[in-house]
Amino acid sequence: PEGARGLLLMHYAMPGRGAVKALSPEGRVLWQVPLRAPLRYSTFLEEGLILADEGSVQRIDPRTGQVEWTWESKTRMRSFGLSGPYLLFFSGTPGAEVDQRVSALDALRGAEVWTQPFEGIPSSRVFPAGDAVAFITVTPNRVRVFDVETGRPLSDAVPYSLGLTAQVVHVSTDCRSHMADR
């Protein structure tokens, strides 16, 4: 984006924390944003820089390094993906980390949009697929697909064959429609 023109953004990982620094083309530090954990995901959304670690998400003005908002998670987050304005991720249920859930955060405003529990252990990354989010679980082995705007399940957790770990690489519109009609 225009606001990041002429910047080199660098992640510095340190034990138990991290930082993102903006450098000029000459290598001069222009600003720095400290993180409580190493960076797990970064992207631009409109003119803002989105930074996510295991415990929080921040939206940064890339021109100044000013934090526009910070959203704190009650449990560890992982496996991030962006679909439109929604940042999607896995986390545990507060008080019961073994109970898994998938959530969507409005990355423009810093507000949780929805969260859905699911059975199993996620074994793939979160895969944004148009107006859906898909992923694979083990124990039980299932393909899980949710509506990205509402969190409504679009399938009855379709089983897949035992064997090597699977990854979602594409979910077509007609496949999502077929799952929603079941």
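Preceding this paragraph is the structure being described.
Scope of this entry: the structure provided in the associated data block.

The rules behind each value
Per chain, residue numbering runs from 1 following the sequence as it is written. Totals for whole chains, interfaces and linings use all residues, but because this is a predicted model, local features are given only for residues with pLDDT of at least 70 and pairs of side-chain atoms are given and counted only at 80 or more. Processing note: side-chain calculations cover all non-hydrogen atoms of the structure and skip hydrogens and water entirely. Pairs of strands are assigned from DSSP output, requiring at least two bridges between the strands. Helix numbers and strand numbers start at the N terminus; a helix is a DSSP run of H or I with at least 4 residues, a strand a run of E with at least 2. Between the N-to-C directions of two axes lies an angle of 0 to 180 degrees, each axis being a line fitted to C-alpha atoms and, for a helix, fitted only over the stretch in contact. For this document, the term salt bridge refers to a Lys or Arg side-chain nitrogen within 4 Å of an Asp or Glu carboxyl oxygen. For every residue, the accessible area obtained with a 1.4 Å probe (protein chains only) is divided by the maximum for its type, and the residue is called buried under 20%, exposed over 50%, and partly exposed between those limits. Contacts were defined at the residue level, with two residues in contact if any of their heavy atoms lie within 4.5 Å. Take the buried residues of types Ala, Val, Leu, Ile, Met, Phe, Trp, Tyr and Cys, join any two whose side-chain atoms come within 4.5 Å, and each joined set is a nonpolar core.

Further remarks concern the sheet that holds strand 6 (residues 56-60). If you trace the four strands from one edge of the open sheet to the other, you get 4-5-6-7, paired in antiparallel fashion. Strand pairing shows two members of the sheet lacking a second neighbour, strand 4 (41-45) and strand 7 (67-72), which therefore form its edges. Sheet twist, expressed as the average angle between the axes of neighbouring strands with direction ignored, equals 15 degrees. Looking at chain direction, strand 6 and strand 7 are connected through five bridges and run antiparallel. In the sheet register, Q58 faces strand 7, and the bridge partner there is T70.

Picture the strands of a sheet paired through backbone hydrogen bonds; they go either parallel or antiparallel. Read from one edge to the other, the open sheet built from three strands follows the order 1-2-3, with strand pairing classed as antiparallel. Pairing within the sheet leaves two strands with one partner each, and these edge strands are strand 1 (8-14) and strand 3 (29-35). With direction set aside, neighbouring strand axes in the sheet form an average angle of 20 degrees. Alignment of strand 1 against strand 2 (residues 17-23), held across seven bridges, turns out to be antiparallel.

As a further point, take the pattern of salt bridges. All told, the structure shown has seven salt bridges when counted by the stated rule. Taking the shortest distance from any N to any O, the salt bridge between E68 and R59 comes out at 2.8 Å. With a closest N to O distance of 2.9 Å, D106 and R109 form a salt bridge. What makes D106 buried here is its relative accessible area of 11%. Each of E47, D61 and R63 takes part in a single network of salt bridges with overlapping partners.

Before going further, it helps to examine the environment of G81. Structurally, G81 is set in strand 8 (residues 77-83). In this structure the C-alpha to C-alpha distance between G81 and V126, which are 45 residues apart in sequence, comes to 6.0 Å. Setting aside its immediate chain neighbours within four residues, G81 contacts Y41, Y86, L87, L88 and P128.

This part is about the nonpolar core. Membership of the largest hydrophobic core comes to 13 residues, with the highest contact counts inside it found for I50, V57, W71, F80, L87 and L105. Looking at this core, the elements with two or more residues in it are strand 4, strand 5 (48-52), strand 7, strand 8 and strand 9 (86-93). With sequence-adjacent residues up to four places away left out, L87 is seen in contact with Y41, I50, V57, F80, G81, L82, S103, A104, L105 and A107. Core analysis: the second largest hydrophobic core is formed by 12 residues, Y86, V102, F118 and V148 among them.

Let us now look at the environment of G6. Relative to the elements of secondary structure, G6 occurs in the segment before strand 1. G6 sits in the partly exposed class, given a relative accessible area of 44%. Once you skip the residues sitting within four places of it in the chain, G6 turns out to touch L23, S24 and P25.

Turning our attention to unusual backbone geometry. Among all residues save glycine, negative phi is the norm, and among peptide bonds the norm is trans. A cis amide bond links T139 with the next residue in sequence, P140, at an omega value of 10 degrees. Considering the arrangement of structural elements, one finds P140 in the loop between strand 14 (132-138) and strand 15 (142-147). Of note, the phi angle at S79 is positive, near 55 degrees, even though the residue is not glycine. Checked against the element boundaries, S79 lands in strand 8. Using a relative accessible area of 22% as the deciding quantity, one classes S79 as partly exposed. Looking at where T139 falls in the secondary structure, it is placed in the loop between strand 14 and strand 15.

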